[in-house]
Amino acid sequence: MAEIGKDIDKAKAILEKGGLVAIPTETVYGLAGNALNQDAVAKIFAVKSRPSFDPLILHTSDLERIHEFVSDIPEPLEKLALAFWPGPLTLLLPKKSVVPDLVTSGLDTVAVRVPDHPLTQSLLSALSFPLAAPSANPFGYISPTRASHVNDQLGEKIEYILDGGNCQVGLESTIVGMEDNQVMVYRLGGLDIGAIESIVGKVQVMAHSSSDPKSPGMLKSHYAPKKPFVLGDLEKLVPVYQKRGQKFALLSFRSAYPQLSVDYQVQLSPLGDLTEAAKKLFAAMRALDSLDVSVILSEQVPDVGLGKAINDRLRRAAAQEKEE
Ligand code: TXA
Ligand code: MG
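Residues numbered from 1 in each chain as written. Chains lettered and ligands numbered in written order. Predicted model: local features only at pLDDT ≥ 70, side-chain atom pairs only at ≥ 80, totals over all residues. Heavy atoms only, no water.

1. Focus on helix α10 (residues 274–289)
Phase 1: The end-to-end C-alpha separation of α10 is 22 Å, in line with the 22 Å expected for 16 residues at 1.5 Å each.
Phase 2: Largest kink in α10: about 45 degrees, centred on L281.
Phase 3: Turning to α10, its buried residues are L274, A277, A278, L281, F282, A283, A284, M285, R286, L288 and D289.
Phase 4: The elements touched by buried residues of α10 are α7 (147–154), β12 (229–231), β13 (248–252), β14 (265–267), β15 (295–298) and α11 (306–318). (Helix = DSSP H or I, 4+ residues; strand = E, 2+ residues; numbered from the N terminus. Expected span 1.5 Å × (residues − 1). Bend = angle between axes of the 7 residues up to and from the residue. Buried < 20%, exposed > 50% of the residue type's maximum accessible area, 1.4 Å probe, protein only. Contact = heavy atoms within 4.5 Å.)

Given below as structure tokens:
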């Protein structure tokens with residue numbers, strides 16, 4: 001298993017010799033390596049079993065340092081960076097040649113983000129290179145929101161996990177770029193569309209495309225538990241599965257189901273708070289996935305604000321066909 005701790009010097013030393021370290025961010029934990037070192041980047045893909053067509057996000061300590069890696073920042077995107085960095089926002093920008101093609105899977109844009117977590121901020125400030133970091137989970141599975149999640153699945157394959165506690169946002173960053181001079185959202189995430197629109201006006205949200213994903217995080221089946229995950233109206237689903245005698249677990253937004261043991265259900269937010277629900281979502285999915293049940297039943301949350309990103313993840317978890 002990996003060593004878990006808060007030692008920034010240790011993390012720095014491992015990264016400087018081309019190794020990988022799991023890092024905390026406000027969204028989810030990342031699996032980080034030196035973005036300018038091809039061998040380190042190749043290791044990231046190998047450890048995650050991630051297909052090489054799925055590009056990585058480059059993380060830096062601040063907006064200034066982004067200029068070393070991108071040739072231009074269109075004005076609306078710069079406004080977003082100024083408003084929301086450090087924070088759960090990733091920008092797609094034209095890359096400079098210093099960024100290895102392996103990081104961007106050969107695309108001419110690079111995804112960049114300034115994460116908002118004190119430990120990772122200190123680490124990034126201490127390093128002379130940016131970090132490439134996808135979420136620290138095996139490809140296609142649920143993203144990790146605490147150090148133990150990373151250790152459970154990737155502990156055998158990495159040396160060190162920098163422990164920053166529970167992720168405060170709990171959903172991956174919102175990915176934004178430009179298309180035909182329009183601001184386009186490629187992945188819904190921890191920064192809600194309303195906040196983005198308050199800075200740059202109305203934006204487009206990329207319709208899901210499973211055949212030719214611009215952003216493979218948009219793949220129909222992704223963020224998925226191992227157990228079948230069924231999304232619907234729990235009032236209707238529960239009696240059906242009870243009648244069938246099938247053992248199930250429940251993921252609900254607010255309501256508890258007294259007919260089922262508390263050990264087999266999680267309420268994302270009894271008070272109906274979407275920020276709390278986002279923060280708890282992935283840990284809840286993982287906990288239910290580890291129970292001795294044959295199926296997880298779930299419902300959508302209100303489709304407003306962060307609820308849109310939560311519902312996006314729930315739908316992908318429920319998508320049957322695995323496309324990876
Ligand atoms: O919150 C987050 O974004 C976390 C933390 C660790 O920063 N990272 C994360 O990385 O979610 P990952 O690799 O799991 O998801 C990044 C997504 C992928 O869907 C990838 O396809 C997309 O970003 N992406 C990266 N570079 C891209 C590019 N140049 N064009 C389009 N999509 C890109
Ligand atoms: Mg991911």
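2. Examining the sheet that holds strand β2 (residues 21–23)
Phase 1: The strand order across the open sheet formed by 11 strands is β1-β8-β2-β3-β7-β4-β6-β5-β9-β10-β11, and the pairing between neighbours is mixed. Across the chains shown, the open sheet's two edge strands, defined by having one partner strand only, are β1 (3–5) and β11 (204–205).
Phase 2: Note: strand β5 (residues 89–94) against strand β6 (residues 109–113), 4 bridges, orientation antiparallel. Bridged to L93 within β6 is V110.
Phase 3: In the packing of helix α4 (residues 75–84) onto the sheet, the strands contacted are β5, β9 (174–179) and β10 (182–187), and the crossing angle to β5 comes to about 150 degrees. (Pairing = 2+ DSSP bridges. Axes fitted to C-alpha atoms, helices over the stretch in contact; angles between N-to-C directions.)

3. Some details on the sheet that holds β14
Two modes of strand pairing occur in sheets, parallel and antiparallel, and in both the strands are linked by backbone hydrogen bonds.
Phase 1: Strand order in the open sheet formed by 4 strands is β12-β15-β13-β14, with parallel pairing between adjacent strands. The outermost strands of the open sheet, each flanked by one partner alone, are β12 and β14. Within the sheet, the average angular offset between the axes of one strand and its neighbour, ignoring direction, is 15 degrees.
Phase 2: As paired elements, β13 and β14 share 3 bridges and run parallel to each other. Its bridge partner lying in β14, S252 is registered against Q267.
Phase 3: Docked against the sheet, α11 engages β12, β13 and β15, running at close to 125 degrees with respect to β12.

4. A short note on the packing of α4 against helix α8 (residues 193–200)
Phase 1: Two elements in contact, α4 and α8, have axes whose closest approach is 9 Å; the angle formed by their N-to-C orientations is 120 degrees. What the angle tells us is that α4 and α8 run oblique. The crossing of α4 and α8 is right-handed. Contacts between α4 and α8 involve P76, K79, L80, A83 and F84 from the first element and A195, I196, I199 and V200 from the second.
Phase 2: Residues of the contact of α4 with α8, tallied by class, amount to 8 nonpolar, no polar and 1 charged. (Parallel < 35°, antiparallel > 145°, perpendicular 65-115°, else oblique. Left-handed = near helix turned anticlockwise from the far one by under 90°. Nonpolar A, V, L, I, M, F, W, Y, C, P; charged D, E, K, R; others polar.)

5. Quick look at the nonpolar core
Phase 1: By size, the foremost hydrophobic cluster in this structure holds 85 residues, and its most contacted members are I158 and L251.
Phase 2: Residues lining this core come from more than one domain, with at least three contributed by each of domain 1 (3–205) and domain 2 (229–317).
Phase 3: Counting 16 residues, the second-largest nonpolar core is a separate cluster that includes I8, L15, F129 and A133. (Core = buried A, V, L, I, M, F, W, Y, C linked by side-chain atoms within 4.5 Å. Domains from an automatic or database assignment.)

6. Points about the domain arrangement of the chain
Phase 1: Here the chain is described as being made up of domain 1 (3–205) and domain 2 (229–317).
Phase 2: Measuring from the centre of the C-alpha atoms in domain 1 to the corresponding centre in domain 2 gives 28 Å.
Phase 3: In this assembly, 21 residues from domain 1 lie in contact with 15 residues from domain 2.
Phase 4: Across the interface of domain 1 and domain 2, roughly 1,500 Å² is buried in total on both sides, 59% from carbon and sulfur atoms.
Phase 5: A per-residue breakdown of the area domain 1 buries against domain 2 is headed by I142, L171 and L188, which together make up 38% of the total.
Phase 6: Summed over the shared surface of domain 1 and domain 2, the result is 1 salt bridge.
Phase 7: When the shortest N-O distance is used, the salt bridge between E172 and R313 registers 2.8 Å.
Phase 8: Taken together, the links from domain 1 to domain 2 amount to 7 residue pairs in polar contact (both at pLDDT 80 or more).
Phase 9: Of the residues belonging to the side of domain 1 that touches domain 2, the class tally is 8 nonpolar, 9 polar and 4 charged. (Buried area = accessible area lost by both parts, 1.4 Å probe. Salt bridge = Lys/Arg side-chain N within 4 Å of Asp/Glu carboxyl O. Polar contact = N/O pair within 3.5 Å; in protein donor to acceptor, adjacent residues only side chain to side chain.)

7. Observations concerning the packing of α10 against α11
Phase 1: With their axes 9 Å apart at the nearest point, α10 and α11 run at an angle of 20 degrees to one another. When the axes of α10 and α11 are compared, the pair comes out roughly parallel. The chirality of how α10 crosses α11 is left-handed. Residue-level inspection shows L274, T275, A277, A278, L281, F282 and M285 of α10 in contact with α11, the latter providing L306, G307, I310, R313, L314 and A317.

8. A few points about empty space enclosed by the protein
Phase 1: Enumeration over the complete set of coordinates arrives at 3 cavities of 30 Å³ or more.
Phase 2: For the second largest cavity, the calculated volume is near 50 Å³.
Phase 3: In terms of lining, the second largest cavity is formed by T174, L188, G189, L191, D192, I193, G305, L306, K308 and A309.
Phase 4: Ranked by the residues each element gives to the lining of the second largest cavity, the list is headed by α11, at 3 residues.
Phase 5: Grouping the amino acids of the lining of the second largest cavity by side-chain chemistry returns 5 nonpolar, 3 polar and 2 charged. (1 Å grid on protein atoms, 1.4 Å probe; cavity = no way out; pocket = protein on both sides within 12 Å on 5 of 7 lines; lining within 4 Å. Points joined across faces, edges and corners; volume = space filled by probe spheres on them.)

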